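Structural description and commentary
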Amino acid sequence: MPAEQKAAVRRDEVAPLGYYESEHTKNVRDWKEVFDFVPREPPPPAAVADGELVFENKWPQGLPGFRVAMEEYAKAMEELALKLLELIARSLGLRPDRLNGFFKDDDQTTFLRLNHYPPCPSPELVLGVTRHKDAGALTILYQDDVGGLDVRRRSDGEWVRVRPVPGSFVINVGDVIQVWSNDRYESAEHRASVNSHEQRFSLPYFFNPGGDVMVEPLEELVSDDSPPRYEPYNWGVFFRTKRSSNFKKLAVENLQIAHFRKDLNSIA
Ligand SMILES: O=C(O)CCC(=O)C(=O)O
Ligand SMILES: [Fe+2]
């Protein structure tokens, strides 16, 4: 797509959806360009107060069919995400619909991203996305057949390539499920490598709770023997803070769930 068409849908600090080419992960610039959109647009605030974000999709001109295809894709992803949520609830011994209430239609912060990693002349010097864990509940990732997604193996800390399998999705558990499950699930650390000869595309669907949800270990999963390992935190505040520190390129350590982890030695 020509640069001026990309510029017309560029995201900015108050309107964070659309095209962006200088994202930082953990304060390091990623070798990628992205396009972000939400499956359902909330009504824009009547008057935009200071610090309030406008989640309005910016669809590029001159790409017939793009918007319809993306909206259909988002719908299919939501169906899949709700099924996965039910399976995760069951796996934790909870009612199948136990987690659904955190994902109300009108208050979700779920979004989709198109990642494009252009070929890079020095792929050993940069990453497409620096190592990170996804902060939300679940990520459903489609990747093309080029390959570049690496996941950190827990047993030895080695980076392992997640080989593309045609017609499949990669499912990442995010930090929110780690906290809800009081560490029974662990959010997976991953990164995207780039290469010198081929561009790569990936499409994550970030399934995130409502902006007013307080995230904390679920009461059914804590007990005297297994006390909560995290302090409650407000998901909306957490999400907005992470986004704006990224936008401002603040040279501070990124906000992480580790900041809400309790010092278990102090729990008698
Ligand atoms: O491109 C990939 O395979 C991973 C992308 C990713 O981790 C992200 O966008 O959060
Ligand atoms: Fe990720």
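One structure accompanies this document, and this report is about it. (Residues numbered from 1 in each chain as written. Chains lettered and ligands numbered in written order. Predicted model: local features only at pLDDT ≥ 70, side-chain atom pairs only at ≥ 80, totals over all residues. Heavy atoms only, no water.)

Looking at the metal site, the iron ion (ligand 2) is ligated by His132 (NE2), Asp134 (OD) and His190 (NE2), spaced 2.1 to 2.2 Å from it. Written as a sequence motif, the donor arrangement for the iron ion (ligand 2) is H-x1-D-x55-H. Here His190 lies in strand S11 (residues 190-192) and His132 lies in strand S6 (residues 129-132), a separation of 58 residues in the sequence. Exposure class is identical for His132 and His190. Each is buried. (Donors = N, O, S within 2.8 Å, 3.2 Å for Na, K, Ca; no water. Helix = DSSP H or I, 4+ residues; strand = E, 2+ residues; numbered from the N terminus. Buried < 20%, exposed > 50% of the residue type's maximum accessible area, 1.4 Å probe, protein only.)

A separate point is the sheet that holds strand S10 (residues 170-173). A sheet is described by the order of its strands in space; here six strands give the open sequence S1-S4-S5-S12-S7-S10, paired in antiparallel fashion. Looking at the sheet topology across the chains shown, the edges are occupied by strand S1 (18-20) and S10. This sheet shows a mean twist of 20° between the axes of neighbouring strands, independent of strand direction. Judged from the four bridges that link them, strand S7 (residues 138-143) and S10 form a sheet pairing that is antiparallel. Residue pairing for S10: Ile140 is matched across the bridge by Ile171. The strands touched by helix H2 (residues 66-91) are strand S4 (33-37), strand S5 (111-117), S7, S10 and strand S12 (200-207); relative to S7, the strand with the most contacts, the crossing angle is about 130°. (Pairing = 2+ DSSP bridges. Axes fitted to C-alpha atoms, helices over the stretch in contact; angles between N-to-C directions. Contact = heavy atoms within 4.5 Å.)

Moving on, we get to the site of ligand 1. Taken together, the residues surrounding ligand 1 are Asn115, Tyr117, His132, Asp134, Leu141, Leu149, His190, Ala192, Arg200, Ser202, Pro204 and Phe206. Between ligand 1 and the protein, one listed contact pairs an oxygen atom with a side-chain N or O atom of Tyr117 at 2.6 Å. Take Ser202: an N or O atom from its side chain is 2.7 Å from an oxygen atom of ligand 1. Protein coverage of the free-state accessible area of ligand 1, which is 290 Å², stands at 96%. Going through the elements one at a time, S5, S11 and S12 are the ones with two or more residues in the shell around ligand 1. Class assignment of the residues belonging to the shell around ligand 1 gives a composition of six nonpolar, four polar and two charged. (Near = heavy atom within 4 Å. Polar contact = N/O pair within 3.5 Å; in protein donor to acceptor, adjacent residues only side chain to side chain. Areas by Shrake-Rupley, 256 points an atom, 1.4 Å probe, with all protein chains shown as cover. Nonpolar A, V, L, I, M, F, W, Y, C, P; charged D, E, K, R; others polar.)

What follows is about the pairing of S7. Where burial is concerned, most of S7 is hidden: five out of the six residues are buried. Bridge count for S7 against S12 is six bridges, and the pairing is antiparallel. Directly across from Gln143, in S12, lies its bridge partner Ser202.

Here the structure, examined in full by the defined rule, presents 17 aromatic pairs. Ring centres of Tyr233 and Phe238 lie 5.0 Å apart, and the angle between their planes is 45°; this geometry places the pair in the tilted category. Here the two residues Tyr233 and Phe238 agree in accessibility, since each one is buried. Both rings, one in Trp235 and one in Phe239, keep their centres 5.3 Å apart while their planes meet at 25°; by these two values the pair is stacked. Of this pair, Trp235 and Phe239 are both found in helix H4 (residues 235-248), four residues apart, which corresponds to roughly one turn of the helix. (Phe/Tyr/Trp six-rings, centres within 6.5 Å; stacked < 30°, edge-to-face > 60°.)

Nothing here speaks to function; it is all geometry.
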